[in-house]
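# Geometric and topological summary
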Amino acid sequence: MKAPITNRRKFLETVGTASILMGSGVGLRSLANGAEQRLALDGGEPVRPTPLSARPYGPQFYDDIEKQELLDVLESKVPFRWSRGPSSKVLAFEKEYAAHVGAKFALGVTSGTAALYSAMAALEVGPGDEVILPAWTWYACYDAIVLSGALPVFAEIDDSFDIDPADIEQKITPQTKVIMAVHLQGCPCDMDPILEIARKHNLRVLEDCAQCAGGRYKGKYVGTIGDIGINSFQLSKTITAGEGGAVITSDPKLFERAFRFHDFGTLHTPYTEALGGGLLSAFAACNFRMNEFTGAVLRGQLKKLEAICQGLRANARKVREAIADLPGLKLRKSPDLEGDLGVGVFLDWSTQQRRDKFLGAMKAEGIPASGPGGSVILPIAERIEQKATVHPAWPSFQSPRGRAIQYGRQCCPRTIDILSRAGGVIMDPKFGDNDIRDIIKAIRKVYLALNGSR
Ligand SMILES: *Cc1c(COP(=O)(O)O)cnc(C)c1O
């Protein structure tokens, strides 16, 4: 922020927006695009009388394609993949998805969480191992590590809201086995420095792409850059069948282990053949098999993936470009704006108080804004702070490191700070020109009012 704005900001913080806005008229009538605009919060005209809202993407694109795929399964009366032979929808989805992202193998599973467990098994993560993950991500990441018996070690996020490569290296110990790079809210992690650290310390990289299907980093699809990637097809992700997940990798050994883990330790045609008969033997495992209905819907949704990504990207770009001139503007950083999904446009409001004022003012304008979403600051979640497990002798927390490690606020002060200052508007691939115009109008109006327009 530039100095004059800082002063103005300090002033706003001490006095409070409301009293300024109700007072002399400075700020109350902030200038946006040369027109005087009173905030809806203070009785002005809202930008939008009926609030705008984003919706889950995938179902907005459901059409005859998904319908026909589903009907095929219904009419076949065979909703189980191994009973359908080569005409399996799950198998077709796996092949098409792998081809789309440029991986050798894809495995359909029941959820993103099941995909994470399978990936942990593929990477042979177990008791005594440590896995580094971002302090801001979904519970599934932490739980997959703990349920594999390993110890989760948190690293801070940076201004991209993704794991900070610079903090990873400090968290490495001789027990570290895997770095979990989670591409959060559509933003690809900065994979080059992460891979460099992984190579230097001989670590594996797992990419969690649950919030970034279709995202790319330097021309490569996320999930194909590290050793193994996972995806989720739950309702709030890029494409969806309500639930579902996938593991992707180009390493046949990792694929075989993930595959065996998802189906009681066994292999199955045509993968047995593709893997040269299988190099590994069976081990204690799970059943995370995807059913044919899910495979059918996802096969249809895959055809919409790029359209959804393009819609999001185009809308986010329009908003970013139309606010780029705002004085002192600081947007969420992205290591690859071309590959970023554009799930939202987030601004750094420099304090939580100002961010919260922005959120309140936007709500009144009929353009709901929010802090970064879809994840949790895990170290301060009660059950994580308490290292709660189903059994008191859980291996994760029995090792000397596991006993000593402390979660809670002190392990992620920067993450808490960055997220508390960020506020923005969530995109929808089907927002039209009017919606985008209103979003731009509201952001400009509120930004100029909160910063002072002179
Ligand atoms: C949604 C999500 C998952 C888990 O996916 P489910 O299909 O809901 O089990 C894992 N990681 C991240 C980052 C997610 O957002």
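Residues numbered from 1 in each chain as written. Predicted model: local features only at pLDDT ≥ 70, side-chain atom pairs only at ≥ 80, totals over all residues. Heavy atoms only, no water.

From N to C terminus, the protein chain includes 18 helices and 15 strands. Over its C-alpha atoms the protein chain spans a radius of gyration of 24 Å, differing by no more than 12% from the 22 Å that the globule rule assigns to 454 residues. For the C-alpha atoms alone, the extent of the protein chain along its principal axes is close to 80 × 55 × 35 Å. The proportion of buried residues among the 454 residues of the protein chain is 58%. Here the contacts in the protein chain between residues at least 6 apart in sequence split such that 73% fall between residues at least 24 apart. Entry remark: accessible area of the protein chain is about 18,600 Å², with carbon and sulfur atoms responsible for 54%. Here the protein chain contributes 55 positively and 51 negatively charged side chains, and the mean placements of these two sets differ by 3 Å. (Helix = DSSP H or I, 4+ residues; strand = E, 2+ residues; numbered from the N terminus. Rg over C-alpha atoms; globule rule 2.2 N^0.38 Å. Buried < 20%, exposed > 50% of the residue type's maximum accessible area, 1.4 Å probe, protein only. Contact = heavy atoms within 4.5 Å. Areas by Shrake-Rupley, 256 points an atom, 1.4 Å probe, with all protein chains shown as cover. Lys, Arg positive; Asp, Glu negative; His and termini not counted. Charge placed at Lys NZ, Arg CZ, Asp CG, Glu CD.)

So, on to unusual backbone geometry. Put simply, threonine 269 and proline 270 share a cis peptide bond, and its omega is 0 degrees. Along the polypeptide, proline 270 turns up in the loop between helix 10 (252-262) and helix 11 (271-274). Backbone geometry places lysine 77, a non-glycine residue, at a positive phi of 55 degrees. Positionally, lysine 77 belongs in the loop between helix 4 (64-76) and helix 5 (89-101).

What follows is about the site of the ligand. Taken together, 16 residues lie near the ligand, and Gly112, Thr113, Asp208, Ser232 and Lys237 sit nearest. Within the contact set of the ligand, an oxygen atom lies 2.7 Å away from a side-chain nitrogen or oxygen of serine 232. In the complex, the protein chains occlude 92% of the 380 Å² of accessible area that the ligand would expose alone. Of all the secondary-structure elements, those providing two or more residues to the shell around the ligand are helix 6 (112-122) and helix 7 (139-147). Considering every element that reaches the shell around the ligand, the biggest residue donor is helix 6, with three residues. (Near = heavy atom within 4 Å. Polar contact = N/O pair within 3.5 Å; in protein donor to acceptor, adjacent residues only side chain to side chain.)

Note on placement: glutamate 66 falls in helix 4. If we skip the residues at most four places from it in the chain, glutamate 66 touches Phe61, Val297, Gly300, Gln301 and Lys304.

For the pair helix 5 and helix 12 (residues 292-302), the least separation of the axes is 8 Å and the interaxial angle reads 35 degrees. By crossing handedness, the relation of helix 5 to helix 12 is classed as left-handed. Packed against helix 5, whose contacting residues are Lys89, Val90, Ala92, Phe93, Glu96, Tyr97 and His100, the element helix 12 presents Glu292, Gly295, Ala296, Leu298, Arg299 and Leu302 at the interface. Taken together, the residues that form the contact of helix 5 with helix 12 break down as seven nonpolar, two polar and four charged. (Axes fitted to C-alpha atoms, helices over the stretch in contact; angles between N-to-C directions. Left-handed = near helix turned anticlockwise from the far one by under 90°. Nonpolar A, V, L, I, M, F, W, Y, C, P; charged D, E, K, R; others polar.)

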